[in-house]
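For reference, the chains in residue letters:
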Amino acid sequence: MSYRLRIAHLYPEQMNIYGDRGNIITLQQRCAWRGIETEIVPVGVGLQLDWASVDLAFFGGGQDSGQALIADDFLNNHGSALRDAINNDLVMLTICGGYQMLGHYFLTHTGEKLPGIGALDLYTVGGTVRLIGNTVVEFEGSSASVKLVGFENHSGRTYLGSGVRSLGRVLVGAGNNGEDGSGGAIYRNTFGCYMHGSLLPKNPQFADHLISLALQRRYGPQVTLAPLHDELELAAQRTMIERLMNARN
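Residues numbered from 1 in each chain as written. Predicted model: local features only at pLDDT ≥ 70, side-chain atom pairs only at ≥ 80, totals over all residues. Heavy atoms only, no water.

### Focus on the packing of helix 1 (residues 21–32) against helix 5 (residues 204–219)
Thought 1: The geometry of helix 1 relative to helix 5 is characterised by a closest axis approach of 10 Å and an angle of 75° between their N-to-C directions. Classified by the interaxial angle, the pair formed by helix 1 and helix 5 is roughly perpendicular. Taking contact as the criterion, the partners of Thr 26, Leu 27, Arg 30 and Cys 31 in helix 1 are, on helix 5, Pro 204, Ala 207, Asp 208 and Ile 211.
Thought 2: Residue composition of the contact of helix 1 with helix 5, by class: five nonpolar, one polar and two charged. (Axes fitted to C-alpha atoms, helices over the stretch in contact; angles between N-to-C directions. Helix = DSSP H or I, 4+ residues; strand = E, 2+ residues; numbered from the N terminus. Parallel < 35°, antiparallel > 145°, perpendicular 65-115°, else oblique. Contact = heavy atoms within 4.5 Å. Nonpolar A, V, L, I, M, F, W, Y, C, P; charged D, E, K, R; others polar.)

Quick look at the structure:
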């Protein structure tokens, strides 16, 4: 049986900081290596989208200026339909600014309250000190615990409500807020975090987890992914994690 995934990339021009586009490239390439056809749908300002037709979505981070350019369009053009899709188990990865905008609001350090779409039960408060550096999060959302490595650079402090759970425990770095040890958030099949880098090339297991969820949602739970030769990717991941963990100790 042949498989096909439709992947939406939200605001690729404005929300593509620290190589976040690499996440789309990784999803597309890891599908291609397995013979899975993909259609990448860029979603820019003013464009409409039938979210029911989307299997997997990505929303990256951006400069504050880029985020301001798309905030109204995202809220008014996609907010309601995307909330419905997320509640219908759309598979979605959000990073930094995209992660924040799925929450209830972002309260800037100057006191301005920017609304999110309320798809995730979380809120963000801006700080005056940026949280910058490499980070390691122990992800327990799949069948086995996996350490994810990335790079964070954010002034926002995100706090989770009872409607979401943490993506994982922060082993190195600040994570959501540098206070409670939480790193990112999971709600149904939607994942958010502050891990740039970009995230998926550095963590092929997590990329495959997203692809598997999307395929199973579209084609049924019997779908499994053929293994790939990830020896080099996993060796690089292990080396970076060991270096960061040793530096922490």
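Picking up after the structure, the text goes on.
### A few points about the sheet that holds strand 11 (residues 185–187)
Thought 1: Here six strands make up an open sheet; going across it, the order is 2-1-3-4-12-11 and the pairing mixed. Of all strands in the sheet, those bounded by a partner on one side alone are strand 2 (37–43) and strand 11. Recorded for the sheet is a direction-independent mean angle of 15° between the axes of neighbouring strands.
Thought 2: Where strand 1 (residues 4–10) and strand 2 come together, seven bridges link them in parallel fashion. Counted as the bridge partner of Ala 8 is Val 41 from strand 2.
Thought 3: Along the sheet, helix 5 contacts strand 1, strand 3 (56–59), strand 4 (91–95) and strand 12 (190–193); its crossing angle with strand 4, the most-contacted strand, is approximately 150°. (Pairing = 2+ DSSP bridges.)

### A look at the side chain of His 78
Thought 1: Positionally, His 78 belongs in helix 2 (residues 64–87).
Thought 2: Given a relative accessible area of 1%, His 78 falls into the buried group.
Thought 3: Of the polar contacts made by the side chain of His 78, one reaches the backbone oxygen of Leu 47; its length is 3.3 Å.
Thought 4: Within the structure, His 78 has its side chain in polar contact with the side chain of Trp 51 (distance 3.2 Å).
Thought 5: Beyond its immediate sequence surroundings of up to four residues, His 78 is in contact with Tyr 11, Val 43, Leu 47, Leu 49, Trp 51 and Asp 73. (Buried < 20%, exposed > 50% of the residue type's maximum accessible area, 1.4 Å probe, protein only. Polar contact = N/O pair within 3.5 Å; in protein donor to acceptor, adjacent residues only side chain to side chain.)

### Observations concerning the pattern of salt bridges
Thought 1: Using the criterion set out here, one finds nine salt bridges in the structure.
Thought 2: When the shortest N-O distance is used, the salt bridge between Glu 39 and Arg 6 registers 3.1 Å. Within this pair, whereas Glu 39 is found in strand 2, its partner Arg 6 is found in strand 1, the two being separated by 33 residues in sequence.
Thought 3: Salt bridges linked by common partners bring Arg 4, Arg 6, Glu 37 and Glu 39 together as one network. (Salt bridge = Lys/Arg side-chain N within 4 Å of Asp/Glu carboxyl O.)

Read these as geometric descriptors, not functional statements.
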